[in-house]
Amino acid sequence: MSTPCIFCFPSPEKTLFSNMYAYCRFDDYPVTPGHLLIIPYRHIISFFDATNEEQAAMMELVRSGKEYLDGLIRSFVSVKRC
Ligand SMILES: [Zn+2]
């Protein structure tokens, strides 16, 4: 029996944002602080195997992730300045 794909069965508590085609979460093994993953619900090998709708949905989550990280940075900087 093969091991199920960890990305196809997202943990609800680790999901930051989602839409119909994909979800966004922090990487468990971040390369840098704020390392987010945008993962499609459909098991595909590459971004370029995604449909136009899936690619658009993933880009929407990229924008949401950037806004989320920008907010974290702003709150961190404002705390440090007090
Ligand atoms: Zn998968």
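Residues numbered from 1 in each chain as written. Predicted model: local features only at pLDDT ≥ 70, side-chain atom pairs only at ≥ 80, totals over all residues. Heavy atoms only, no water.

1. Topic: the pairing of strand β3 (residues 36-40)
Thought 1: In terms of burial, β3 is largely enclosed, as four of its five residues are buried.
Thought 2: Looking at chain direction, strand β2 (residues 22-26) and β3 are connected through five bridges and run antiparallel. If you follow Ala22 over to β3, its bridge partner there is Pro40. (Buried < 20%, exposed > 50% of the residue type's maximum accessible area, 1.4 Å probe, protein only. Helix = DSSP H or I, 4+ residues; strand = E, 2+ residues; numbered from the N terminus. Pairing = 2+ DSSP bridges.)

2. A word on a nonpolar patch on the surface
Thought 1: On the surface, Phe47, Phe48, Met59 and Val62 cluster together to form a nonpolar patch covering roughly 400 Å² of accessible area.
Thought 2: With respect to the helices and strands, the residue Met59 is situated in helix α1 (residues 52-81).
Thought 3: Taking the relative accessible area as the measure of exposure, Met59 reaches 37% and is therefore partly exposed. (Patch = residues over 30% accessible without salt bridge, like charges linked within 9 Å, V, L, I, M, F, W, Y side chains within 5 Å. Areas by Shrake-Rupley, 256 points an atom, 1.4 Å probe, with all protein chains shown as cover. Salt bridge = Lys/Arg side-chain N within 4 Å of Asp/Glu carboxyl O.)

3. Re the state of the cysteines
Cysteine pairs can be covalently joined through their sulfur atoms, and such a bond is termed a disulfide.
Thought 1: Inspection of every chain in the model, using the stated rule, returns zero disulfides.
Thought 2: Here Cys24 stays free of any disulfide, with the sulfur of Cys8 as its closest cysteine sulfur at 17 Å. (Disulfide = S-S within 2.5 Å.)

Purely geometric numbers; function is a separate question.
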